[in-house]
Structures are given as C-alpha cells and as structure tokens.
Amino acid sequence: MRTDWSMDTRIIHSSQSPDPLTGAISEALIPAVAYAFPNAETAAAVVAGDQEGIYYGRYGNPTLRVLEQKVAELEGGEDALGVSSGMAAISIALLAFLKHGDHVLVTKDVYGGTYSFLTSLAPRFGIEFDFVDCTNLEEVKLSVKANTKALYIETPSNPCLTVLDIQQLSTICKQFQIPMIVDNTFMTPYLQQPLLLGADVVVHSATKYLNGHGDVVAGIIVGKKHQIDFMRKKIMGDLGQNLNAWESFLILRGLKTMGLRVQRHCSSAQQIAEFLDAQPSIRRVNYPGLPSHPQHSLAKKQMKAMGGIVSFEVEGGLMAGKQFINSLKLAMISFSLGDPETLVQHPASMTHSSIPAGERLKFGISDGLIRLSVGLEDPADIIRDLAQGLSAITPQMLNETRVI
Ligand SMILES: Cc1ncc(COP(=O)(O)O)c(C=O)c1O
C-alpha cells in the first residue's frame with residue numbers, strides 16, 4: 001500500500017489486494033475452523049506466536065485477519081483484534097489492564113452497557129471504578145489512586161455528545177503511567193484517530209458505522225502488538241468471544257463505503273441539528289457541530305467532522321418526548337445507530353436504562369432526552385418527519401416533567 005494515499009483511498013485498498021490464485025477483488029470468505037501445518041514445529045511456532053499464522057477458529061480466521069489488519073492500519077495502530085461485539089471489545093480491553101484490587105477511572109457519561117459491565121460484573125472480580133467528569137482535567141488528576149490501572153473514555157459520548165480532549169487526557173495518563181482506552185465508535189477512524197493523539201487502545205462497536213448496514217454485531221480493539229496478542233490468547237480465546245468469517249466479510253464490505261457514508265451522516269446531522277436548534281419546542285440540542293456546544297472548538301480541532309448522532313431534549317420532558325418519537329413516520333424507534341436508516345431512541349428507558357435514575361441525571365441523561373442516529377436518507381425527508389413529530393406534541397404535554 002502506498003503511504004501517501006489519503007484515508008478515502010486507504011479505506012478501500014489498505015490490507016487488501018486481489019486473490020493471487022483467482023484474481024478475485026472482493027475478500028475471500030474462509031470459514032475454516034482447523035488449519036493444517038506442514039510439520040509439528042511450524043504448528044508449535046504459530047501457537048507460541050513466534051510465527052504469524054492461524055491455528056484454530058476460536059482465535060481468529062483469515063477473513064477476520066484481513067479486517068484486523070485493515071482497521072489497525074486505519075487507526076494508526078500496530079495490530080487489532082476483531083471480537084463478537086462492541087461489549088466484548090470493551091470488556092476485553094478493560095480486563096487486559098485490570099485485575100482483582102485494581103481501579104479504573106471512567107468518563108461519567110458512557111454507553112449503558114459499559115456502565116453495566118463496570119458496576120455489575122467487574123466488582124464481582126474485585127475491580128473498582130470511579131466515574132469522573134473528564135472535561136475537568138484537574139478532577140481527573142485528583143481522582144487517580146495508587147491502584148488506578150486505566151482511564152476509559154468515550155468521545156463524543158453516548159448519548160450526550162460530550163467531547164473530551166484526548167491529547168490532554170493522554171498527557172495525564174502518561175504522567176501517571178496508566179493506559180488510556182478510547183471508545184471511538186461514534187467517530188470511526190475516518191473522523192478521529194485517538195492513537196495518534198496519544199491514546200493507548202481504541203475500541204469499537206463495529207456493529208455501528210464500521211459495518212454500517214445494521215446486519216452484524218461485532219467489536220474491534222486496536223493497540224500495540226503485545227497488548228493485542230495478550231487479549232487474543234488470554235482473554236478473547238479463553239472466553240470464546242471470537243468473530244466469525246461471515247461477519248468479518250460483511251464488515252470488510254461495509255468498510256469500502258465508510259468514507260462516503262460517514263460524510264453523508266455528518267452533513268445531514270449538521271442540517272438536522274441546526275433545524276432542531278431553531279425549534280421553540282426543543283429545549284436543548286447536543287451536537288458538537290453547533291457553536292453552542294460546550295466543546296465546539298475542541299471538536300473542530302480533534303475531529304474531522306462532527307458525526308451522525310444528535311441528541312436533544314423536547315420541552316415537556318418524558319410525555320412530550322414519547323409522543324414525539326411515537327409520531328415519527330420515517331425514523332424508526334430502535335436501539336442501534338450508524339445504520340442507513342434514521343433511528344431514534346429514548347436513552348432513559350432504552351440504551352441507558354441500566355443506569356439508576358439519579359445517576360443518569362448526573363450524567364446529563366434526562367427523561368426527556370432523545371437520541372437520533374441520522375441515516376442516509378434525504379435530509380429534507382428526515383427534517384419533514386421531525387417537524388411533523390414535533391407538531392404532535394400538545395400544549396398540555398409541554399408542561400409535564402416526570403421522572404420514570
Ligand atoms: C458507544 C458505544 N460503544 C459500545 C457499544 C456496544 O456495542 P455492541 O452493541 O456492538 O456490543 C455501543 C452500543 O450501542 C455504543 O453505542
């Protein structure tokens with residue numbers, strides 16, 4: 001691959017070339033579980049990691065290996081590991097650095113599944129955590145304890161779109177000699193490359209923009225080769241969280257159009273955020289592309305564009321919010337994001353319902369908050385749909401505020 005190619009070209013060509021035997025341009029789908037070796041010595045060398053190779057389906061497959069190499073290259077990392085879901089990627093990355101008695105600092109508004117893993121499962125294995133406001137660098141420094149072994153952040157965050165300064169946070173991590181893990185799901189390497197800003201490990205829910213078609217659940221971790229080797233052999237392999245060849249193939253196919261898709265998601269989201277911001281029935285719009293966003297200038301510096309997710313609060317809280325999403329005709333009520341279809345959801349009762357109401361409010365996830373994953377449809381049609389949804393909110397609902 002040429003090193004002077006731009007991201008748009010690398011997305012298509014990086015780590016991929018025509019099959020030497022057939023000339024096939026699209027990636028080969030190799031579902032084999034078992035692989036034959038010319039002799040016992042080679043088999044032993046591959047298992048020991050002294051020689052590159054694939055030896056058993058639970059540790060990877062050739063189609064996945066192409067995907068791993070491609071995402072590693074796009075993120076600017078040494079190696080990558082494809083796993084069975086975004087949550088598998090997050091839990092593996094955290095478990096790679098944390099053991100019994102260790103502590104992790106976590107940005108305060110993380111994805112609900114990450115919150116659930118840290119608050120329910122991790123403590124059963126003696127892992128401690130603290131949620132901190134990572135927009136406040138002093139608070140981060142003061143929260144580091146003697147047993148803190150990692151900082152975990154998500155930027156922009158789900159669902160409040162808080163933008164964190166990766167470079168500044170990575171400087172703090174280096175000072176305390178702790179690794180920094182970044183969930184880059186909302187951005188993709190097309191818009192943000194945390195490793196180049198000083199992060200140590202990047203995790204993705206490949207279920208979202210990397211695949212981009214709503215038909216795969218997968219995760220990817222990118223980091224240093226020795227970290228990825230450890231995660232593959234000692235965590236992913238032992239827990240059996242592998243990604244199969246078919247899903248790897250679908251992500252490789254989806255990735256080819258990631259540049260175009262992400263550009264469209266971003267330009268439509270910007271138009272939609274501006275539309276929502278101008279509506280009297282909308283109390284607050286969270287979108288890094290709006291000048292009113294608290295980290296707008298950081299976002300412009302750190303991100304190539306602002307992403308496809310917009311969240312907002314309708315006047316009238318929960319009742320009005322529910323009426324609004326129930327009235328939408330084009331946008332579908334759904335848990336996922338990053339798909340061709342516009343998807344809308346209510347974090348308090350859906351993706352972030354594992355967070356108790358009091359905690360949720362501290363994280364900025366109010367009962368009236370709505371998250372919109374802007375799809376690839378004509379933005380004018382999406383805006384018309386949102387306008388007709390807003391018109392379904394009655395004046396009585398506008399006075400309602402209730403905690404579920
Ligand atoms: C930011 C973020 N990270 C991780 C995940 C988990 O991904 P998966 O559903 O693929 O396990 C999600 C899911 O919505 C997410 O939004």
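Each chain carries its own residue numbering, running from 1 in the written order of its sequence. Given that the model is predicted, a residue must reach a pLDDT of at least 70 before its local features are reported, and side-chain atom pairs must reach 80 or more before they are shown or counted; all residues, however, enter totals for whole chains, interfaces and linings. Side-chain figures throughout are based on the complete set of non-hydrogen atoms in the structure, without hydrogens or water.

**Focus: the packing of helix α4 (residues 86-97) against helix α9 (residues 225-239)**
Logical step 1: Between the N-to-C directions of two axes lies an angle of 0 to 180 degrees, each axis being a line fitted to C-alpha atoms and, for a helix, fitted only over the stretch in contact. Helix and strand assignments follow DSSP, with helices taken as H or I runs no shorter than four residues and strands as E runs no shorter than two, numbered in order from the N terminus. Remark: α4 packs on α9, axes separated minimally by 10 Å, with the N-to-C direction vectors making an angle of 105°. One element, α4, and the other, α9, form an angle in the roughly perpendicular class. Across the interface between the two elements, I92, A93, L95, A96 and F97 from α4 touch Q227, F230, M231, I235 and M236 from α9.
Logical step 2: Looking at the contact of α4 with α9 residue by residue, the class counts come to nine nonpolar, one polar and no charged. An angle counts as roughly parallel when it lies under 35 degrees, as roughly antiparallel when it exceeds 145, as roughly perpendicular when it falls between 65 and 115, and as oblique in every other case. Contacts were defined at the residue level, with two residues in contact if any of their heavy atoms lie within 4.5 Å. Residue polarity follows a fixed list, in which Ala, Val, Leu, Ile, Met, Phe, Trp, Tyr, Cys and Pro are nonpolar, Asp, Glu, Lys and Arg are charged, and the others, Gly among them, are polar.

**What to know about the pattern of salt bridges**
Close approach of charged atoms allows side chains of opposite charge to pair.
Logical step 1: Note on definitions: salt bridges are taken to be side-chain nitrogens of Lys or Arg within 4 Å of carboxyl oxygens of Asp or Glu. For the structure on display, the rule yields 16 salt bridges.
Logical step 2: Residue R65 pairs with E68 through a salt bridge whose shortest N-O separation is 2.8 Å. Placement of both R65 and E68 in helix α3 (residues 62-75) is noted, with a separation of three residues, approximately one turn of the helix. Summarising the burial analysis for this pair, R65 and E68 share the class buried.
Logical step 3: In this structure, K362 engages E359 in a salt bridge whose closest nitrogen and oxygen atoms are separated by 2.7 Å. In this pair, K362 and E359 both sit in helix α14 (residues 357-362), three residues apart, roughly one turn of the helix. A 1.4 Å probe rolled over the protein chains alone gives each residue an accessible area, and that area as a share of the maximum for its type sets the label: buried under 20%, exposed over 50%, partly exposed in between.

**A look at the packing of aromatic side chains**
Logical step 1: Within 6.5 Å between ring centres, the rings of Phe, Tyr and Trp (the latter by its six-membered ring) count as paired, and their orientation is classed by plane angle as stacked under 30 degrees, edge-to-face over 60, tilted in between. For the structure on display, the rule yields seven aromatic pairs.
Logical step 2: Between the aromatic rings of Y115 and F363, the centroid separation amounts to 5.9 Å while the plane-to-plane angle is 70°, which identifies the pairing as edge-to-face. Taken together, the positions of Y115 in helix α5 (residues 112-121) and F363 in the loop between α14 and β12 (369-373) put the pair 248 residues apart, joining distant regions of the chain.
Logical step 3: Look at Y115 and you get buried, because its relative accessible area is 6%.

**A short note on the sheet that holds strand β2 (residues 103-107)**
Hydrogen bonds between backbone atoms are what pair the strands of a sheet, whose relative direction is either parallel or antiparallel.
Logical step 1: Should DSSP find at least two bridges between two strands, the strands are taken to pair. The strand order across the open sheet built from seven strands is β1-β7-β6-β5-β4-β2-β3, with neighbouring strands paired in mixed fashion. On the outer flanks of this sheet lie β1 (79-83) and β3 (128-132), each paired with one strand and no other. When the angles between neighbouring strand axes are averaged without regard to direction, this sheet yields 20°.
Logical step 2: Running over the sheet, α9 touches β1, β6 (201-205) and β7 (219-223) and is turned about 25° from β1.

**Points about helix α10 (residues 245-255)**
Logical step 1: Across the eleven residues of α10, eight count as buried, placing the element largely inside the fold.
Logical step 2: The set of residues buried in α10 consists of A245, S248, F249, L250, I251, L252, G254 and L255.
Logical step 3: Where the residues of α10 are buried, they touch α1 (7-13), α3 and α11 (258-277).
Logical step 4: Where α10 begins, the side chain of N244 points an oxygen toward the backbone nitrogen of W246, at a separation of 3.2 Å. Here a polar contact means two N or O atoms within 3.5 Å. Within protein one must be a hydrogen donor candidate and the other an acceptor candidate, and residues neighboring in sequence count only if both atoms are side-chain atoms.

**Things to note about helix α7 (residues 166-176)**
Logical step 1: Of the positions making up α7, those classed as buried are I166, L169, S170, I172 and C173. The arc that holds the buried residues of α7, viewed along the axis, is 155°, so those residues lie on one side. In α7, the exposed positions that point more than 90 degrees away from the buried face belong to K174 and Q175.
Logical step 2: Contacts from the buried residues of α7 go to α6 (137-143), β4 (148-154), β5 (180-183) and α12 (296-302).
Logical step 3: Between the side-chain oxygen of the N-cap and the backbone nitrogen of Q167 there are 3.3 Å, and the N-cap of α7 in question is D165.
Logical step 4: Looking at the residues trailing α7, positive phi occurs at Q177, about 55°. It is the directions from the helix axis to the C-beta atoms that the arc portrays.

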